[in-house]
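Residues per chain are reported as follows:
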Amino acid sequence: MDSYLRYINKEERVFGKPPIGCVLDLAGRPFSGDIIKDNSPYGNNGTITGATWVRNERGLWVQSFDGTDDRITVADADSIDVGIGDFTFIFDWKPTTDARQAFLDKSQGNVGTLPYMWATMELTTNLVEFYIYDGTTSIDAGSDIALTLNAWSQIALVAKRGVGSYIYINGVAHGQTLSTNAQGTLSNNGNLHFGGRWGATNLPLGGILGQEREYKRALTTGEIANIFNQERHLFI
């Protein structure tokens, strides 16, 4: 898979058409007010609450989260609900606080009988955890290496339904749980949030997040490595 990011210079990036299967792509520059524009064909624009636009060390526009109550909300839509299908999330992340914090959450609040998916960086260990639950059974995958505070990583979370869940860090597989659990639908009426779980102050993000993307398919190991190798100059 070719990266759709074309480097122009340190002040500007051109974002072309997202790859096949991409249903959410929040990479880009400040758009209008508190709106973060979705570059996918589905128009799933997000709403920024508290988080601020900043440029990273290479000049790419990203979002800074204060570790208290900042978040990005993407309204529930059929296009981002994964149902019983495979899916992948990719984002760039630079943690600045040592705390248990949620990168993303798609759930209907603290209701244990309803499907959900969410992912965290754990307190002290700084390991990545990736959870999916179909209302009956669940899968929990954890990374085998820790993230480094104040350093960038590209994280990919992949679910192959009926096979297992996988975590990639900087284009390399670093954790998996093989399981036939959680094959039922993961769709729910909750919004998709980047930052916090159930509410903005529950497991809030403290750091800098960018290039948030969702695919309604499981990207291959080779595709994930290609994305990292073609985009690493944007954040490392």
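### Digging into the side chain of Asn 126
Take Asn 126: it is sitting in the loop between strand S11 (116-121) and strand S12 (128-133). For Asn 126, a relative accessible area of 8% gives the class buried. Non-local contacts of Asn 126, meaning those with residues more than four positions away in its chain, are made with Asp 98, Met 121, Ala 146, Leu 147 and Leu 149.

### Notes on the packing of aromatic side chains
Enumeration over the complete set of coordinates arrives at 9 aromatic pairs. The interplanar angle of 35° and the centroid separation of 5.0 Å between the aromatic rings of Tyr 116 and Tyr 133 together place this pair among those described as tilted. You can see Tyr 116 sitting in strand S11 and its partner Tyr 133 sitting in strand S12, a full 17 residues away along the chain. Note on accessibility: Tyr 116 and Tyr 133 belong to one class, buried.

### Thoughts on the environment of Asp 38
With respect to the helices, strands and loops of the structure, Asp 38 is situated in the loop between strand S4 (35-36) and strand S5 (46-49). Judged by its relative accessible area of 3%, Asp 38 falls in the buried class. Those residues in contact with Asp 38 that lie beyond four places of it in its chain are Val 23, Leu 24, Asp 25, Leu 26, Gly 43, Asn 44 and Asn 45. A polar side-chain atom of Asp 38 sits 2.8 Å from the main-chain amide nitrogen of Asp 25. At a separation of 2.7 Å, a polar atom in the side chain of Asp 38 contacts the side chain of Ser 40.

### Notes on unusual backbone geometry
In this structure, Asn 126 is a non-glycine residue whose phi angle is positive, near 60°. Here the phi dihedral of Asn 150 falls at roughly 65°; this positive angle occurs in a residue that is not glycine.

### Description of the pattern of salt bridges
In total, this model carries 7 salt bridges according to the counting rule given. Lys 106 serves as the salt-bridge partner of Asp 81, at 2.9 Å between the closest nitrogen and oxygen. Here Asp 81, found in the loop between strand S8 (71-74) and strand S9 (87-95), pairs with Lys 106, found in strand S10 (residues 101-106); they are 25 residues apart in sequence, far enough to count as distant. A single burial state applies to Asp 81 and to Lys 106, both of which are buried. The salt bridge involving Arg 197 is made with Asp 105; its shortest N-O contact spans 3.2 Å. With a gap of 92 residues between them, Arg 197 in the loop between strand S17 (192-194) and strand S18 (206-215) and Asp 105 in strand S10 connect regions that are remote in the sequence. Residue classification places Asp 105 among the buried residues on the basis of a relative accessible area of 1%. Here the salt bridges share partners, and the residues they tie into one network are Asp 76, Asp 81 and Lys 106.

### A short note on the sheet that holds strand S13 (residues 138-142)
Taken in spatial order, the 8 strands make up an open sheet running S4-S5-S8-S17-S10-S11-S12-S13, and their pairing is antiparallel. Edge strands, defined here as strands with exactly one partner in the open sheet, are S4 and S13. Judged from the 6 bridges that link them, S11 and S12 form a sheet pairing that is antiparallel. For Trp 118, the partnering residue across the bridge sits in S12 and is Tyr 131.

### Details of the pairing of strand S7 (residues 61-66)
By the bridge criterion, 4 bridges tie strand S6 (residues 52-55) to S7 in an arrangement that is antiparallel. Bridge pairing in S7 places Trp 53 opposite Gln 63. Hairpin remark: S6 followed by S7, antiparallel, with 5 residues in the connecting loop; positive phi at Gly 59, about 95°.

About the cut-offs
Residues numbered from 1 in each chain as written. Predicted model: local features only at pLDDT ≥ 70, side-chain atom pairs only at ≥ 80, totals over all residues. Heavy atoms only, no water. Helix = DSSP H or I, 4+ residues; strand = E, 2+ residues; numbered from the N terminus. Buried < 20%, exposed > 50% of the residue type's maximum accessible area, 1.4 Å probe, protein only. Contact = heavy atoms within 4.5 Å. Phe/Tyr/Trp six-rings, centres within 6.5 Å; stacked < 30°, edge-to-face > 60°. Polar contact = N/O pair within 3.5 Å; in protein donor to acceptor, adjacent residues only side chain to side chain. Salt bridge = Lys/Arg side-chain N within 4 Å of Asp/Glu carboxyl O. Pairing = 2+ DSSP bridges.

Worth remembering: the numbers are spatial, not functional.
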